[in-house]
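Understanding the architecture of this molecule
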Amino acid sequence: MSKLELRRIHHGFTSKKQRVPVLTDISLHVNDGEFVSIIGPSGSGKSTLFHIIGGLITPSSGEVWLDDANVTGSKGLISYMPQQPALFPWRSIEANVALSQEVAGQSRAAALEKAREWLPKVGLGGYENELPHVLSGGMQQRVSFLRALLSPQEVMCLDEPFGSLDALTRQAMQSWLLNIWEQNKRSILFVTHSIEEALFLSDRIYVLSNKPAQVIEELVVPFERPRQEKVMTQPEFHELRQHIQSLLRQEMMS
Ligand SMILES: Nc1ncnc2c1ncn2[C@@H]1O[C@H](COP(=O)(O)OP(=O)(O)OP(=O)(O)O)[C@@H](O)[C@H]1O
Ligand SMILES: [Mg+2]
């Protein structure tokens with residue numbers, strides 16, 4: 001089990017010689033085995049934050065800690081699903097799924113076997129040997145999701161993993177993810193635009209402001225585990241949804 005912690009992250013990009021601040025003083029954490037979501041306006045800096053956690057970008061200032069180690073700028077320590085599926089077009093679907101395990105030191109044969117075992121569980125049985133271009137956007141997203149899921153690191157960062165799915169498939173994938181997570185409780189940091197999705201899945205939610213993003217609220221989600229879909233019909237679910245919606249609406253107006 002692992003704990004992820006971001007300490008006072010600031011970041012900006014330089015565009016046409018001007019520095020554009022994107023993240024302002026972001027501190028957040030994901031405890032051992034906790035499911036935490038980030039919700040915030042489009043363009044606020046969520047994916048940038050994930051690139052920083054994954055070590056793809058070094059922040060202007062601030063630190064990323066994994067348990068007792070400062071891992072700022074280090075790659076390969078977390079399992080990461082990017083917002084765009086980023087599949088290798090020349091690798092078959094099963095080889096794409098196997099990749100994260102191979103990179104982590106698993107033998108190719110074992111990694112492929114695991115990929116073949118799991119692909120049918122996300123509705124992709126029969127596509128094992130196809131190339132990514134044969135798949136729809138939502139199917140590619142599930143391949144990318146599975147790649148992150150089977151990657152062995154204990155902290156998993158998922159950047160809008162179900163954004164391209166239709167409502168029914170999305171709900172099925174949410175319940176499926178919850179089920180898997182409840183069995184082995186990895187630490188998950190999850191970006192979503194859906195307030196319902198965040199409330200249904202998470203232990204805690206961070207709400208971010210517009211760019212340059214800062215944390216405007218941290219909410220504890222009070223619903224019991226294992227969580228059932230019927231939680232969405234509770235008055236408290238509705239109240240929390242309204243609350244987050246009004247926070248985000250204020251950001252849109254500002
Ligand atoms: N490499 C880059 N160079 C310059 N600006 C960038 C770069 N990457 C991101 N940005 C800018 O940083 C801001 C935040 O982008 P980011 O992708 O992190 O937002 P986001 O919160 O993930 O948005 P969305 O919800 O739409 O995915 C945007 O204004 C974007 O244009
Ligand atoms: Mg993004």
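The shown structure was predicted, so the numbers you read here are calculated from the model rather than taken from an experiment. (Residues numbered from 1 in each chain as written. Chains lettered and ligands numbered in written order. Predicted model: local features only at pLDDT ≥ 70, side-chain atom pairs only at ≥ 80, totals over all residues. Heavy atoms only, no water.)

Contact pair helix 4 (residues 137-150) / helix 5 (residues 167-184): the axes reach a minimum separation of 13 Å and the direction vectors enclose 5°. By the angle between their directions, the pair helix 4 and helix 5 is classed as roughly parallel. Here Arg142, Phe145, Leu146 and Leu149 of helix 4 lie close against helix 5, whose contacting residues are Thr169, Met173, Trp176, Leu177 and Ile180. For the contact of helix 4 with helix 5, a count of residues per class yields seven nonpolar, one polar and one charged. (Axes fitted to C-alpha atoms, helices over the stretch in contact; angles between N-to-C directions. Helix = DSSP H or I, 4+ residues; strand = E, 2+ residues; numbered from the N terminus. Parallel < 35°, antiparallel > 145°, perpendicular 65-115°, else oblique. Contact = heavy atoms within 4.5 Å. Nonpolar A, V, L, I, M, F, W, Y, C, P; charged D, E, K, R; others polar.)

Close to ligand 1 lie 14 residues; Ser42, Gly43, Lys46, Thr48 and Gln83 are nearest. Separating an oxygen atom of ligand 1 from a side-chain N or O atom of histidine 193 is a distance of 3.0 Å. Separating an oxygen atom of ligand 1 from a side-chain N or O atom of lysine 211 is a distance of 2.9 Å. Here ligand 1, which alone exposes 640 Å², has 62% of that area covered by the protein. Of the residues that constitute the shell around ligand 1, the class distribution is three nonpolar, eight polar and three charged. (Near = heavy atom within 4 Å. Polar contact = N/O pair within 3.5 Å; in protein donor to acceptor, adjacent residues only side chain to side chain. Areas by Shrake-Rupley, 256 points an atom, 1.4 Å probe, with all protein chains shown as cover.)

A cluster of acidic residues, Asp32, Asp67, Asp68 and Glu154, forms a negative patch on the protein surface. Relative to the helices and strands, aspartate 67 resides in the loop between strand 4 (61-66) and strand 5 (69-70). Relative accessible area serves as the criterion here: at 37%, aspartate 67 is assigned to the partly exposed category. (Patch = residues over 30% accessible without salt bridge, like charges linked within 9 Å, V, L, I, M, F, W, Y side chains within 5 Å. Salt bridge = Lys/Arg side-chain N within 4 Å of Asp/Glu carboxyl O. Lys, Arg positive; Asp, Glu negative; His and termini not counted. Charge placed at Lys NZ, Arg CZ, Asp CG, Glu CD. Buried < 20%, exposed > 50% of the residue type's maximum accessible area, 1.4 Å probe, protein only.)

What follows covers the coordination of the magnesium ion (ligand 2). Looking at the magnesium ion (ligand 2), the protein donor atoms are Ser47 (OG) and Gln83 (OE1), and they sit 2.1 to 2.2 Å from it. Here glutamine 83 lies in the loop between strand 6 (79-81) and helix 2 (93-103) and serine 47 lies in helix 1 (residues 46-53), a separation of 36 residues in the sequence. (Donors = N, O, S within 2.8 Å, 3.2 Å for Na, K, Ca; no water.)

Glancing now at the sheet that holds strand 7 (residues 155-159). The strand order across the open sheet built from six strands is 6-7-8-3-9-10, with neighbouring strands paired in mixed fashion. Edge positions in the open sheet fall to strand 6 and strand 10 (215-220), since each of these has one partner strand only. Within this sheet the neighbouring strands show an average axis-to-axis angle of 15°, counted without direction. In the sheet, strand 9 (residues 204-208) pairs with strand 10 via five bridges, with the strands oriented antiparallel. Across the sheet, the residue bridging to tyrosine 206 is glutamate 218, located in strand 10. Along the sheet, helix 4 contacts strand 6 and strand 7; its crossing angle with strand 6, the most-contacted strand, is approximately 170°. (Pairing = 2+ DSSP bridges.)

A few words now on the side chain of serine 79. With respect to the secondary-structure elements, serine 79 resides in strand 6. Setting aside anything within four residues of it in sequence, one finds serine 79 in contact with Ala148, Ser151, Gln153, Val155, Met156, Cys157 and Arg186.

So, about the domain arrangement of the chain. A common measure of how large an interface is: the accessible area buried when the components associate. According to the domain assignment, the chain consists of domain 1 (4-78 + 153-253) and domain 2 (85-152). Using only C-alpha atoms to locate each centre, domain 1 and domain 2 end up separated by 24 Å. Contact with domain 1, which involves 16 residues of that partner, is made by 13 residues of domain 2. Interface area, domain 1 with domain 2, both sides summed: about 1,200 Å², of which 66% is carbon and sulfur. Of all residues in domain 1, the largest losses of buried area upon contact with domain 2 belong to Gln153, Met173 and Trp176, amounting jointly to 40% of the total for that side. If you look at where domain 1 meets domain 2, you find six residue pairs in polar contact (both at pLDDT 80 or more). Listed by contribution, the elements that provide at least two residues to the side of domain 1 that touches domain 2 are strand 7 and helix 5. Among the elements that take part in the side of domain 1 that touches domain 2, helix 5 stands out by supplying five residues, more than any other. Classifying every residue of the side of domain 1 that touches domain 2 by side-chain character gives nine nonpolar, four polar and three charged. (Domains from an automatic or database assignment. Buried area = accessible area lost by both parts, 1.4 Å probe.)

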